[in-house]
Amino acid sequence: MKGIMEKLQITTRDIARELARKYSTMTLDELDTLESILVPRKFAKGEMILSEGEICKDIYYIEKGLIRQFYFKNDKEVTEHIGSDGEIFMCIESLFKEEPTHLQVESLETCQIYCLPKMRLEQVALHNVNIQILYRKILEESLIISQVHADLVRFETAQNRYLRLCKMKPQVVLRAPLVYIANYLQMTPETLSRVRSSSLMG
């Protein structure tokens, strides 16, 4: 039984393989290098992963859990991103400018997260072409996610915003509190309830 339980434990090697599978093929040496810089961290539900005023120094990979990225505007919270299992997140401006972030990141569930420290990642990317590709593809993905969300709230109706979110992020729709989903889609909770009801009826 103990052997089976050990096999079920996710290791940094598993995460390195998963990142390589998603972003770039790698040699065994490159997998070793990627594994060596991964830092596992666990966050309790409701814990802050990154607070306003801190400098973001890592790219984060969610092995398991749910997070939301948000900021304050006119004393109101604005949810910019909700991420779940198998997704990457970061505060990109703070990461590259090495300046305090205005964004905050909160764990909405107990989260198992693996950090890729930017400084170490850049060092190893200099000597490993496939890690360089992985780094570039992660950044590309992050920019695309931001653009998709911006276009969603800019161009789509409330109904279409919700339906597209269901398609793009079904786990978020199932697991995130409705108040945060509504905030992310830039609608009131009442509008979201109406949209959900009409979607179920449709």
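Attention now moves to the overall build of the protein chain. If you tally the helices and strands in the protein chain, you get ten helices and eight strands. Over its C-alpha trace the protein chain gives a radius of gyration of 18 Å, about what one expects of a compact globule, namely 17 Å for 202 residues. Once the C-alpha set of the protein chain is aligned to its principal axes, its extents read approximately 55 × 45 × 30 Å. By the burial criterion, 44% of the 202 residues in the protein chain qualify as buried. The long-range share in the protein chain, meaning contacts at least 24 apart out of those at least 6 apart in sequence, stands at 70%. A total of about 11400 Å² of accessible surface is found on the protein chain, and carbon and sulfur atoms cover 55% of it.

Right, let's get into the sheet that holds strand E2 (residues 48-50). Strand order across the open sheet formed by four strands is E2-E7-E4-E5, with antiparallel pairing between neighbours. Since the sheet does not close on itself, it has two edges, and those belong to E2 and strand E5 (76-84), each with one partner. Strand-to-strand twist in this sheet, taken as the mean axis angle between neighbours without regard to direction, amounts to 30°.

Let us look at the side chain of Ser94. Of note, Ser94 is situated in helix H4 (residues 92-97). A polar contact of 2.6 Å, which involves the side chain of Ser94, links it to the backbone oxygen of Glu99.

Let us now look at the environment of Gln132. By secondary structure assignment, the location of Gln132 is in helix H6 (residues 129-155). If near-sequence neighbours (up to four positions away) are discounted, Gln132 is found in contact with Ala125 and Leu126.

Moving on, we get to the nonpolar core. One finds Leu19, Leu34, Ile59, Ile113 and Leu116 to be the most contacted residues of the largest nonpolar core, which totals 39 residues. Sorting the residues of this core by element identifies helix H2 (12-23), helix H3 (28-37), E2, strand E3 (58-64), strand E6 (88-89), strand E8 (111-117), helix H5 (118-125) and H6 as the ones contributing at least two each. Residues in contact with Leu34, not counting those within four places in the same chain, are Ala16, Leu19, Met26, Leu116, Ile131 and Leu134. Judged by nonpolar contacts, the second largest core, of 17 residues, contains Tyr162, Ala182, Tyr184 and Val195.

Criteria and thresholds
- Residues numbered from 1 in each chain as written.
- Predicted model: local features only at pLDDT ≥ 70, side-chain atom pairs only at ≥ 80, totals over all residues.
- Heavy atoms only, no water.
- Helix = DSSP H or I, 4+ residues; strand = E, 2+ residues; numbered from the N terminus.
- Rg over C-alpha atoms; globule rule 2.2 N^0.38 Å.
- Buried < 20%, exposed > 50% of the residue type's maximum accessible area, 1.4 Å probe, protein only.
- Contact = heavy atoms within 4.5 Å.
- Areas by Shrake-Rupley, 256 points an atom, 1.4 Å probe, with all protein chains shown as cover.
- Pairing = 2+ DSSP bridges.
- Axes fitted to C-alpha atoms, helices over the stretch in contact; angles between N-to-C directions.
- Polar contact = N/O pair within 3.5 Å; in protein donor to acceptor, adjacent residues only side chain to side chain.
- Core = buried A, V, L, I, M, F, W, Y, C linked by side-chain atoms within 4.5 Å.

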